[in-house]
Amino acid sequence: MIGSTIGAVFALSLVAAPWLNQLVGVPGIFALTGVLAIAAMGVVWRIVPSVMESPPVRTSRLLADLKSVLADPQLVRLNWGIFALHAVLMALFIAVPFSLRDAGMPLNQHWKIYLPAMLISFVLMLPAVMGAHVPSRLKGWFVASVALLLADLLALPWLLGGVWEITLFLLLFVTPF
């Protein structure tokens with residue numbers, strides 16, 4: 001549910017961004033982000049209940065727990081994988097808009113590529129989400145997702161030529177992401 005919510009909000013932001021850009025410009029979007037962040041802090045401060053009723057944990061125990069988490073090889077591998085995945089995503093946030101622009105698509109029309117790619121990828125990922133609930137199939141879906149991401153990124157030089165190729169790239173990237 002959390003991933004689906006993040007994906008839905010991300011898709012909404014791709015549609016709303018061109019409209020907001022025309023309405024208030026990039027400085028206005030940054031100002032709006034700041035105002036919403038301050039409002040969120042107010043919600044956390046006033047509305048979310050406090051959980052500080054438990055006794056404080058000793059610092060030595062916290063350090064021991066942190067060391068055990070940082071030394072766990074499976075978590076290290078997973079954390080580095082997530083780091084690499086998000087680094088690639090951030091790089092694509094820079095490369096894809098320029099590629100779409102170079103392919104002849106105006107900036108305020110990019111949402112017409114992003115939104116369908118997000119919606120179609122949501123439908124395409126449903127079998128993996130449903131299949132991942134069976135513990136014996138989880139690793140297979142995970143490996144398949146990593147393999148599809150790797151193949152998509154390796155094909156990137158050939159998929160950034162035209163609008164349709166970029167759309168295919170985004171679909172193949174966002175689905176396993």
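Check the entry above for the structure.
Participant: Any chance you could explain the overall build of the protein here in plain terms?
Facilitator: Along the backbone of the protein there are seven helices and zero strands. When the helices and strands of the protein are listed from N to C terminus, the series reads α-α-α-α-α-α-α. Dimensions of the protein, computed from C-alpha atoms along their principal axes, come out at roughly 60 × 45 × 25 Å. Going through the 177 residues of the protein one by one, you find that 19% of them count as buried. Summing over all exposed atoms, the protein offers an accessible surface of approximately 13100 Å²; the carbon and sulfur share of this is 77%.

Participant: How should helix α3 (residues 73–102) be read in this particular structure?
Facilitator: Between its first and last C-alpha atoms α3 spans 43 Å; for 30 residues at 1.5 Å apiece the expected length is 44 Å, and the two agree. The sharpest bend along α3 reaches about 30° and sits at L92. Burial in α3 covers these residues: L89, L92, V96, S99 and L100. Here the buried face of α3 lies against α4 (111–131), α6 (156–159) and α7 (163–174).

Criteria and thresholds
Residues numbered from 1 in each chain as written. Predicted model: local features only at pLDDT ≥ 70, side-chain atom pairs only at ≥ 80, totals over all residues. Heavy atoms only, no water. Helix = DSSP H or I, 4+ residues; strand = E, 2+ residues; numbered from the N terminus. Buried < 20%, exposed > 50% of the residue type's maximum accessible area, 1.4 Å probe, protein only. Areas by Shrake-Rupley, 256 points an atom, 1.4 Å probe, with all protein chains shown as cover. Expected span 1.5 Å × (residues − 1). Bend = angle between axes of the 7 residues up to and from the residue. Contact = heavy atoms within 4.5 Å.

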